[in-house]
Amino acid sequence: MRQGSHSPIGVFDSGVGGLTVLKALMSHLPHESTLYLGDTARVPYGTKSGEVVTRYSLKNAEFLLERGIKLLVVACNTASAVALPALSAALPVPVVGVIAPGARAALRRTRGGGVGVIGTPGTIRSGAYQRELEAAAGAEGVKVKARACPLFVPLAEEGWLGGDVPRLVAREYLADFARSGVDTLVLGCTHYPLLKEVIAEAVGPRVELVDSAEATAEVVASLLEEQMLLAPGGGTPAHHYFVTDVPERFVEVGARFLGRPIHAAEQVDLSF
Ligand code: DGL
């Protein structure tokens, strides 16, 4: 199938989390149609090796590419952290990950050059945010403090967004961020925007939160404009959802992440 401005944007994630990125894309680019793939059979990616996540990511990208996407958004931070070079080399369409947009947005906001990053174990271990921040800061320099916060993922999926348990977890993970000169914190995982309130409370009012999802949607919008690939206005955009396990939980939990109902998701088999 030939891609053009009418073609959909492809988005993949390990599961429901990437719907926070899709939500930001829908709000910045309301005329665009999208195809979303949640690899719910193989989630989580955040605890797996880079090699395995790269293999899954290439398979996800191939599936979306066969359906005629004009651009691929790697919504999963872990996949963006470890698989972006392989995806960009393999795909004939532009590939946008969430790491560089998030890192650059943080550098625009920091006042004193202390940037914190939180994400899955795989994202933090890869050092991708740290490298991107240092490269983009150049001679000005940046002091980066990174930490994996794995318990935030199940809390967000269970809908435990406020109250004692998430507050305590956030305090345990984040209490020393504010003390260590961090003034900007990158939410480097698809799930963390749902926990913004408890995260903000734990780091205190002097630390500004940066949502990688929002920053990524802005980058996608300018890239489509630059490449004259923006969907023409006027029509009604279509949004399709694919999952690799049964769709019930995705449809139910996903509505919370997307902030609107998901009427159906199609189960597909990405055989390896
Ligand atoms: N989507 C993943 C990320 O942003 C979080 C969930 C997972 O571990 O698969 O890193």
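Throughout this description, residue numbers start from 1 for each chain and increase along the sequence as written. Predicted model: local features are reported for residues with pLDDT of at least 70 only, side-chain atom pairs are reported and counted for 80 or more only, and whole-chain, interface and lining totals are derived from all residues. To get the side-chain values, all heavy atoms of the structure are used, and hydrogens and water are removed first.

Brief notes about the site of the ligand
Then comes step 1: We call a residue near a molecule or strand as soon as one heavy atom of that residue lies within 4 Å of the molecule or strand. The environment of the ligand is made up of 13 residues, and the closest members are D13, S14, Y45, G46 and T78.
Then comes step 2: Take N77: an N or O atom from its main chain is 3.0 Å from an oxygen atom of the ligand.
Then comes step 3: Expressed as a share of its isolated accessible area of 300 Å², the protein-covered part of the ligand is 98%.
Then comes step 4: Residue classes follow a fixed rule: Ala, Val, Leu, Ile, Met, Phe, Trp, Tyr, Cys and Pro count as nonpolar, while Asp, Glu, Lys and Arg count as charged, and any other residue, Gly among them, counts as polar. Here the shell around the ligand is composed, by residue class, of five nonpolar, seven polar and one charged. In the analysis that follows, any N or O atom pair within 3.5 Å is treated as a polar contact, provided that within protein one partner can donate a hydrogen and the other can accept it, and provided that, for residues neighboring in sequence, both atoms belong to side chains. Note on areas: Shrake-Rupley with a 1.4 Å probe; residue coverage comes only from the protein chains shown.

Let's talk about the layout of surface pockets
Then comes step 1: Only protein atoms enter the 1 Å grid used here, on which a cavity is any set of points holding a 1.4 Å probe that cannot leave and a pocket is any open set flanked by protein within 12 Å on both sides along at least five of seven lines; residues with an atom within 4 Å of a point are listed as lining. Grid points are joined across faces, edges and corners, and a volume is the space filled by probe spheres set on the points. Here the largest pocket defines a volume of roughly 430 Å³.
Then comes step 2: Residue lining of the largest pocket: 27 residues in total, with V43, P44, V153, E157 and H191 positioned closest to the centre.
Then comes step 3: We count a stretch as a helix when DSSP gives it H or I for four or more residues in a row; a strand needs E for two or more, and each element gets its number in order from the N terminus. Contributions of two or more residues to the lining of the largest pocket are made by α3 (77–90), α7 (152–158) and α11 (248–258).
Then comes step 4: When the residues that make up the lining of the largest pocket are grouped by side-chain class, the tally is 13 nonpolar, ten polar and four charged.

Things to note about the UniProt feature "binding site: substrate" (unreviewed entry) in the protein
Then comes step 1: UniProt positions are given in the numbering used here, feature names are shortened, and annotations may be inferred rather than shown by experiment. Residues given the UniProt feature "binding site: substrate" (unreviewed entry) here are D13, S14, Y45, G46, N77, T78, T190 and H191. With the annotated positions falling across 179 residues, the maximum pairwise C-alpha distance of 12.7 Å places them together in a single cluster. Taking the annotated residues in turn, N77 and T190 line the largest cavity.
Then comes step 2: Inspection of the secondary structure puts T190 in the loop between β7 (184–188) and α9 (196–203).
Then comes step 3: Mapped onto the fold, H191 is located in the loop between β7 and α9.
Then comes step 4: Residue burial is assigned from relative accessible area. The probe radius is 1.4 Å, only protein chains are included, and a residue is buried under 20% of its type maximum, exposed over 50%, and partly exposed in between. With relative accessibility at 5%, the residue H191 sits in the buried group.
Then comes step 5: When checking whether two residues touch, look at their non-hydrogen atoms; a contact exists if any pair is within 4.5 Å. When neighbours within four sequence positions are excluded, H191 is seen to be in contact with V16, G17, V153, A156, E157 and F257.
Then comes step 6: A polar contact is formed between the side chain of H191 and the side chain of E157, at a distance of 2.8 Å.

Regarding the pattern of salt bridges
Then comes step 1: Salt bridges are counted wherever a side-chain nitrogen of Lys or Arg sits within 4 Å of a carboxyl oxygen of Asp or Glu. The full count for this structure, using the stated rule, is ten salt bridges.
Then comes step 2: When the shortest N-O distance is used, the salt bridge between K70 and E32 registers 2.6 Å. Taken as a pair, K70 in the loop between α2 (50–66) and β3 (71–74) and E32 in the loop between α1 (19–28) and β2 (34–38) lie far apart in primary sequence, 38 residues in all. The burial state of K70 is the same as that of E32; both residues are buried.
Then comes step 3: Salt-bridge contacts for D211 lead to K196; the nearest nitrogen and oxygen are separated by 3.3 Å. Of this pair, D211 sits in strand β8 (residues 208–211) while K196 is found in helix α9, placing the two residues 15 residues apart along the sequence.

Focus: empty space enclosed by the protein
Then comes step 1: Tallied over the full model, the rule gives one cavity of 30 Å³ or more.
Then comes step 2: Looking at the largest cavity, its volume works out to about 40 Å³.
Then comes step 3: Lining the largest cavity, in full, are T20, V21, A75, N77, V98, L187, C189, T190, P193, D211, S212 and A213.
Then comes step 4: Secondary structure elements with two or more residues in the lining of the largest cavity: α1 and α10 (212–226).

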